[in-house]
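# Per-entry structural report
Residues per chain are reported as follows:
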Amino acid sequence: MTDITRLTVAETHRLLSDKKVSAVEVAQAYLNKIQGSDLNAYLSVNADATLEQARHADQLIAEGKAGTLTGIPIAHKDIFVTREWPSTAASKMLEGYMSPFDATVVEQLKSAGMVCLGKTNCDEFAMGSTNANSAYGKTLNPWNKDVVPGGSSGGSASCVAARLAPVATATDTGGSIRQPAAFCGVTGIKPTYGRPSRWGMIAFASSLDTAGVIAQTAEDCALVLSKMIGFDHRDSTSIELPSEDLTASLNNGVNGLRIGVPRAWLDKVNPELKKSIEEALNEYQKLGAKLVDIELPTADLGVPVYYIIAPAEASSNLSRFDGVRYGHRAEKYDDLLDMIKRSRDEGFGAEPKRRILIGTYVLSHGYYDAYYIKAQRVRRLIAEEFDRTFANLCDVIATPVSTDAAFGYEDNKDPLSLYLSDLYTVPGSLAGLPSMSIPCGMSSKGLPFGLQLIAPKCAESRILSVAHAFQKETDWHTKAPIGY
Ligand code: GLN
């Protein structure tokens, strides 16, 4: 019998609907594997709750009421609140926090019949690019335990790469789906800002936070994302568009498609990665796509703009963790102010504290115009540059996800150089555009490389079909780390 945990969502669905395997058996196989794993990809597991959901899925299948996702296991990033698993955002601040409700995305996937396997590790409050910022220990990359799995959704990417879940939810504020997907050799999609609901996502930077999916294939991403998008009146920035079946146009192909390539971005990356990206672009050309050289000079300002806007919003969002309304409360204190100070000092790790300081500074009287307002203006210019490029030159943009494959946990600890490493992912975030990362090669050290695809607003179905066209012709996405 095949190892069920090696299958994609689409393949698992076929076994379930042919009644070759039950949802309980599938869930149990993953739970066993999770128990034996040393990657620290999961922060919480609740086998009873998982098996209860699996039994319910089996009942629906038996009654002929199952959909494509019924009985398929999924892991949720610990940024989404869940009623049956603690929701911590990988922070001591929320240790043991049990939410009275499920996030919209969690609720949507549960009503599609998916079975939750547990919550995945991440950087604290989704701030980071390595997973080293988790208060509960770092997640390891199954390709090589000395290198980072990426972040902030490192737990979601690592667990999909190690086949500890066929698919996982993740969140992306400035690259947190795409960069870990690239570093772990899996497929990730950050949809258009506002398409999936933010309700029940522990907030980092509300004008950027976007829920998405990490899976083995673009097809699986399409299957799961289709159930996550749609208007939600509980999210004030939710886009009023009806839900969409993103699998309908998966096989559209790329014949005649214009792929914009910012050549200057390619020149800044490791030569091996550059070669892999060029090979991927050649593959697209063979499939009938046309490559167009483009320039995105304003997007080059993405990092400074992002590292003003995101901390500014974070400093406001994190003010709710005061030991009264939410979060850890210090045991010993003198008066109310002292209680708040000590609670925040004990509850937050170094990175959230750094962001709160930066954010408070750029919003403060005297600096607000110079930093925050200026950053908002440049953000608008970046979005307009993308709009013009799509209107005049190309249908999708292809770029590297980062400048290299995953780096060592010991190699890069300086916050500023980590911020700078987000240079290719933050522009798409600032413009709110759907962006994907797909495996496109392997370094000589055996670490995966990722190709980023960016599309105009709400063109999720377009980038998914572009990614699918590549995955039909190549096998980078099928590669799993040895032993997993
Ligand atoms: N690495 C970026 C940061 O540290 C992005 C994080 C994210 O997308 N959540 O802010």
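Calculation notes
- Residues numbered from 1 in each chain as written.
- Predicted model: local features only at pLDDT ≥ 70, side-chain atom pairs only at ≥ 80, totals over all residues.
- Heavy atoms only, no water.
- Helix = DSSP H or I, 4+ residues; strand = E, 2+ residues; numbered from the N terminus.
- Expected span 1.5 Å × (residues − 1).
- Bend = angle between axes of the 7 residues up to and from the residue.
- Buried < 20%, exposed > 50% of the residue type's maximum accessible area, 1.4 Å probe, protein only.
- Contact = heavy atoms within 4.5 Å.
- Disulfide = S-S within 2.5 Å.
- Core = buried A, V, L, I, M, F, W, Y, C linked by side-chain atoms within 4.5 Å.
- Right-handed = clockwise from strand over helix to strand, strands pointing away.
- Near = heavy atom within 4 Å.
- Polar contact = N/O pair within 3.5 Å; in protein donor to acceptor, adjacent residues only side chain to side chain.
- Areas by Shrake-Rupley, 256 points an atom, 1.4 Å probe, with all protein chains shown as cover.
- Axes fitted to C-alpha atoms, helices over the stretch in contact; angles between N-to-C directions.
- Parallel < 35°, antiparallel > 145°, perpendicular 65-115°, else oblique.
- Nonpolar A, V, L, I, M, F, W, Y, C, P; charged D, E, K, R; others polar.
- pLDDT = per-residue confidence, 0-100.
- Phe/Tyr/Trp six-rings, centres within 6.5 Å; stacked < 30°, edge-to-face > 60°.
- Lys NZ or Arg CZ within 6 Å of the ring centre and 35° of its normal.
- Salt bridge = Lys/Arg side-chain N within 4 Å of Asp/Glu carboxyl O.

## Section: helix H13 (residues 368–392)
In this model, H13 (25 residues) spans 35 Å end to end at C-alpha, consistent with the 36 Å of a helix rising 1.5 Å per residue. Helix geometry: H13 is bent most strongly at Lys-374, by close to 25°. Where H13 is concerned, the buried positions are Tyr-372, Ala-375, Val-378, Arg-379, Ile-382, Ala-383, Glu-385, Phe-386, Thr-389 and Phe-390. Packing partners of the buried residues in H13 comprise strand S8 (290–294), helix H10 (302–317), helix H12 (350–363), strand S9 (396–400), helix H15 (426–430) and strand S11 (448–454).

## Things to note about the state of the cysteines
The full count for this structure, using the stated rule, is zero disulfides. No disulfide involves Cys-394; its sulfur sits 17 Å from that of Cys-458, the nearest cysteine. Judged by relative accessible area, which is 1%, Cys-394 ranks as buried. Counting only cysteine sulfurs, Cys-184 is the nearest neighbor of Cys-440, a cysteine outside any disulfide, at a range of 15 Å.

## Quick look at the nonpolar core
In terms of nonpolar packing, the biggest core is built from 154 residues, with Phe-125, Tyr-284 and Leu-453 touching the most fellow members. Considering each element in turn, this core owes the most residues, nine residues, to H10. Excluding residues within four positions of it along the chain, Tyr-284 makes contact with Val-254, Ile-259, Ala-289, Ile-438, Leu-451, Leu-453, Val-466, Ala-467 and Phe-470.

## Remarks on the pairing of strand S2 (residues 73–77)
Within S2, five of the five residues are buried, which leaves it mostly tucked inside the rest of the structure. Of the two faces of S2, the one holding Pro-73, Ala-75 and Lys-77 and the one holding Ile-74 and His-76 are both buried throughout. Once the chain exits S2 it traverses helix H4 (residues 104–111) before rejoining the sheet at strand S3 (residues 115–120), and the crossover so formed is right-handed.

## Overview of the environment of Leu-318
Its place among the elements puts Leu-318 in the loop between H10 and helix H11 (336–347). In the structure, Leu-318 is positioned 107 residues away from Ala-211 in sequence and 19 Å away in space, judged by C-alpha atoms. Residue contacts for Leu-318: discarding those within four places in its chain leaves Phe-125, Met-127, Ala-203, Arg-344, Phe-348, Pro-352 and Ile-356.

## Here's the deal with the site of the ligand
Surveying the vicinity of the ligand reveals 15 residues, the closest of which are Ala-126, Thr-173, Gly-174, Ser-176 and Tyr-306. Between the ligand and the protein, one listed contact pairs an oxygen atom with a backbone N or O atom of Gly-128 at 2.9 Å. Contact distances for the ligand include 2.7 Å between a nitrogen atom and a side-chain N or O atom of Ser-176. For the ligand, the accessible surface in isolation is 290 Å², of which the surrounding protein chains cover 99%.

## Quick notes on the packing of helix H9 (residues 271–286) against helix H16 (residues 460–473)
Packing of H9 against H16 brings their axes to within 10 Å, and their N-to-C directions diverge by 95°. Classified by the angle between their axes, H9 and H16 sit roughly perpendicular to one another. Taken together, the residues of H16 that come into contact with H9 (itself represented by Ala-280, Glu-283 and Tyr-284) are Val-466, Ala-467, Phe-470 and Glu-473. Looking at the contact of H9 with H16, its residues break down into five nonpolar, no polar and two charged.

## Brief notes about the confidence of the model for the chain
Overall, the predicted model of the chain reaches an average pLDDT of 97, with 100% of residues at or above 70. Across the chain, the element-wise mean pLDDT spans from 94 in helix H14 (residues 415–420) up to 99 in S2.

## Some words on the packing of aromatic side chains
Scanning the model with the defined rule gives 16 aromatic pairs in all. Both rings, one in Phe-386 and one in Phe-390, keep their centres 6.4 Å apart while their planes meet at 20°; by these two values the pair is stacked. Here Phe-390 and Phe-386 lie together in helix H13, a separation of four residues that amounts to about one turn. A cation over an aromatic ring shows up here: Lys-138 above the ring of Tyr-409, its NZ or CZ 4.4 Å from the ring centre.

## Topic: the side chain of Thr-104
With respect to the helices and strands, Thr-104 occurs in helix H4. Apart from residues lying up to four places away in sequence, Thr-104 is in contact with Ser-197, Trp-199, Asp-232 and Arg-234.

## Description of unusual backbone geometry
Cis geometry marks the peptide bond from Gly-151 to Ser-152, where omega comes out at 10°. Counting through the fold element by element, Ser-152 comes out in the loop between S3 and helix H5 (154–161). Although it is not a glycine, Lys-19 sits at a positive phi angle of roughly 60°. Tracing the backbone shows Lys-19 in the loop between helix H1 (9–17) and helix H2 (23–35). With a phi angle near 55°, Ala-89 is a residue other than glycine that sits in the positive phi range. With respect to the helices and strands, the residue Ala-89 is situated in the loop between S2 and H4.

## Structural notes on the pattern of salt bridges
Close approach of charged atoms allows side chains of opposite charge to pair. Scanning all chains against the criterion turns up 24 salt bridges. Lys-479 is paired through a salt bridge with Asp-475; the nearest N and O atoms lie 3.7 Å apart. Judged by relative accessible area, Lys-479 falls into the partly exposed class, the value being 30%. Given the relative accessible area of 42%, Asp-475 is considered partly exposed. Taken together, the salt bridges that share partners define one network made up of Glu-107, Asp-232 and Arg-234.

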